[in-house]
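Chains, contacts and geometry: an overview
Given next are the chains, with one letter for each unit.
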Amino acid sequence: MGMLDGHAGEQTVAALAGFGVETMFTLNGGHIWPFYEAARNQSMRVVDTRHEQTATFAAEAMAKLTRRPGLAALTAGPGITNGVSAITSAHFNGSPLVVLGGRAPSGRWGAGSLQELDHVPIVASVTKSALTVTDPAAAGKMVHDAATLAMTPRRGPVFLDFPLDVFGPSAGEIPDVAAGERGPDPDLDTVGELAAALAGAERPVFIVGSDVYWARSEAALVALVEQFDIPCLFNGMGRGTIAADHRLAFLRTRGVVKERADLVVVVGTPLDFRLGFGRWGDARVVHVVEDPSSRAAHVDVLTVTGRLADTLAMLADGVGPKDRAGRAAWVAELRTAESAAAERDEQLLDADADPIRPSRIYGELRRRLARDAVVICDGGDFASYAGKFVEVYEPGCWLDTGPYGCLGNGLGYAIAARVARPSSQVVALLGDGAAGFSLMDVDTLVRHELPVVMVVGNNGIWGLEKHPMQAIYGWDVACDLQPQTRYDEVVRSLGGAGETVSEPDELGAALDRAFAADCPYLVNVLTDPADIYPRTSSLA
């Protein structure tokens, strides 16, 4: 773009616009007014929230939804510390988030200015880069370089704060945005080893994670697995990279895979607690990642590094057609198991129990979700049921908390989803505990005319903690919430609408009213506190 005659805020907004950033999420603070001025001058949308955590979660969700950098502008001191949990979630999720911070003026540093705090050391461990802009003429280039780094595998958040006295009249360079940060070349030797392993495997499975989505590698993935009849399970934003009704997509067969697979190829996701820390029964595990920094140090497995689309394409070329023979029987075995599990699920999804079982909510919801619905999860057990029952058909339609497990993402994610996908259904699934973190940001939805559907699974407890404490200790503490809280009344008081549902046969009509509403609508479902999610994975 060349030189821009404008202050550091103008340079910043211009640099980010080059990456396709169209929305700034924020909460007003005097330290960052120059960013608002620049956004106004350059027609960047500003969405202000009621809490900086919500603003930062919204920015991360915008990155997830667009596969471009998400932008949060946070005022100095508490504005930035309020956003740290959401920044950390983006770090664990590998989301390309750009956080701009205000900062007390450098010329008076140490004198006790309002909200004077050195933010950089606080966020350094959960960002790819954390810097202070000290030269007004360098602001545009620093922001460009930070956004480029955020988008470079392994993706993640970056942070820049701006002292008030850096916003004086200036001009600076705005570099052109490269065609795309593609990451390192595939390692030919390890790609060859994986190709040989696939050639010799009788019962292979791919576990597809978020980086396949981030790398825009879904087409290469589909081509590979279709060519060689490789069944796929999904993790995080890997859900939807292959449609849930594809013949090679499986949701309910992890137990069978652990017992029967002889090769498990984990593509684009960490070997963490969600995946048995990299151990899948007797199967050989291979880890495919974009960047060598994502290599798992805690388990000895073959690791293939390099650009995912290229790696998948090379595998398609390197595994001979003879290797498909016999896979049909393996796919059929998993399909039989999937169908049997789906039939068992139908009993749960249609459960007519009183109090309402959470599974019944998902039975009604599944009948009403469009293929491009954006589903947001914020909670413990209630959100875990979403992972068990919600089927995802298109990329970028599944937004969960990720491995950091920080509650409170729901409203921020919903705000961004409605901005990014104005014609899609947007459904936020909230546990009643999680609702306490961010429900005031219904005010943001109302002010910015962003209708979304919210469903609260209201069992009056912290279920993820209460049931395990009871099982381990025989007692629990600090696990109870106010029973039958009227979260729908909170939403109505903020300008939205909603209702409480206590009978199973009321659920369908309530959801229909929610989807038909032209405002934020919360369905507050009173669920059975004795219902225990059938958790089998070790969280530690």
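Data block above holds the structure.
In what follows, the accompanying structure is described. Predicted, not measured: the structure shown is a model, and the values here were computed from it. (Residues numbered from 1 in each chain as written. Predicted model: local features only at pLDDT ≥ 70, side-chain atom pairs only at ≥ 80, totals over all residues. Heavy atoms only, no water.)

All right, on to the pattern of salt bridges then. Scanning the entire structure with this criterion turns up 35 salt bridges. Residues D245 and R371 are paired through a salt bridge, measuring 2.9 Å at the closest nitrogen-oxygen approach. Of the two residues, D245 is situated in the loop between strand 10 (232-234) and helix 11 (254-260) and R371 in the loop between helix 14 (358-366) and strand 14 (374-378); the sequence distance between them amounts to 126 residues. A salt bridge links E346 to R366, with the shortest nitrogen-to-oxygen separation between them at 3.8 Å. Linking E346 in helix 13 (residues 327-349) with R366 in helix 14, this pair joins segments that are 20 residues apart in sequence. Take R366: its relative accessible area is 26%, and that puts it in the partly exposed class. Connected through salt bridges with shared partners, the residues D350, D352, R360, E364, R367, R368 and D512 form a single ionic network. (Salt bridge = Lys/Arg side-chain N within 4 Å of Asp/Glu carboxyl O. Helix = DSSP H or I, 4+ residues; strand = E, 2+ residues; numbered from the N terminus. Buried < 20%, exposed > 50% of the residue type's maximum accessible area, 1.4 Å probe, protein only.)

A cluster of acidic residues, D354, E503, D505 and E506, forms a negative patch on the protein surface. In this structure D505 comes out as exposed when scored by relative accessible area, which is 65%. (Patch = residues over 30% accessible without salt bridge, like charges linked within 9 Å, V, L, I, M, F, W, Y side chains within 5 Å. Areas by Shrake-Rupley, 256 points an atom, 1.4 Å probe, with all protein chains shown as cover. Lys, Arg positive; Asp, Glu negative; His and termini not counted. Charge placed at Lys NZ, Arg CZ, Asp CG, Glu CD.)

A word on unusual backbone geometry. Cis geometry marks the peptide bond from P153 to R154; its omega dihedral reads -10 degrees. Of note, the amide linkage connecting D354 to P355 takes the cis form, showing an omega dihedral of 5 degrees. The backbone of D229 shows a phi angle near 50 degrees, a positive value even though the residue is not glycine. As for its placement among the helices and strands, D229 is situated in the loop between helix 10 (218-228) and strand 10. In the Ramachandran plot, Q484 falls in the positive-phi region, its phi being about 55 degrees despite a non-glycine side chain. Structurally, Q484 can be placed in the loop between helix 19 (463-473) and helix 20 (487-493).

One can describe the packing of helix 8 (residues 188-200) onto helix 12 (residues 308-318) by two numbers: an axis separation of 9 Å at closest approach and a directional angle of 50 degrees. The pairing of helix 8 with helix 12 is recorded here as oblique in orientation. In the crossing of helix 8 with helix 12, the sense of the turn from one axis to the other is right-handed. Touching L188, V191, L194, A195 and L198 of helix 8 are T311, M314, L315 and G318, all from helix 12. For the contact of helix 8 with helix 12, a count of residues per class yields 7 nonpolar, 2 polar and no charged. (Axes fitted to C-alpha atoms, helices over the stretch in contact; angles between N-to-C directions. Parallel < 35°, antiparallel > 145°, perpendicular 65-115°, else oblique. Left-handed = near helix turned anticlockwise from the far one by under 90°. Contact = heavy atoms within 4.5 Å. Nonpolar A, V, L, I, M, F, W, Y, C, P; charged D, E, K, R; others polar.)

On to the nonpolar core, then. Formed by 53 residues in total, the largest nonpolar core has its most connected members in F25, I376, L399, L430, L439 and M454. Here this core takes 8 residues from helix 3 (residues 52-66), the largest share from any one element. Leaving out residues up to four positions away in the same chain, F25 has contacts with V47, A55, A58, A59, M62, L71, A72, A73, I415 and A416. Formed by 51 residues, the second largest nonpolar core is a distinct cluster that contains A195, V225, L263 and V331. (Core = buried A, V, L, I, M, F, W, Y, C linked by side-chain atoms within 4.5 Å.)

Contact pair helix 1 (residues 8-17) / helix 2 (residues 33-41): the axes reach a minimum separation of 8 Å and the direction vectors enclose 55 degrees. Relative to helix 2, the element helix 1 is oriented oblique. Pair helix 1 / helix 2 crosses with right-handed handedness. On helix 2, the residues touching G9, E10, T12 and V13 of helix 1 are P34, F35, E37, A38, A39 and N41. Partitioning the contact of helix 1 with helix 2 into residue classes produces 5 nonpolar, 3 polar and 2 charged.

A sheet is described by the order of its strands in space; here 6 strands give the open sequence 15-14-16-17-19-18, paired in parallel fashion. Both edges of this open sheet fall to strand 15 (398-399) and strand 18 (497-501), since each of them pairs with a single strand only. Of the strand pairs in this sheet, strand 14 and strand 15 are connected by 2 bridges, and their pairing is parallel. Each bridged residue has a counterpart across the sheet, and for V375 the counterpart in strand 15 is W398. Along the sheet face, helix 21 (residues 507-516) touches strand 16 (426-431), strand 17 (453-458), strand 18 and strand 19 (521-526) and points at about 165 degrees away from the line of strand 19. (Pairing = 2+ DSSP bridges.)

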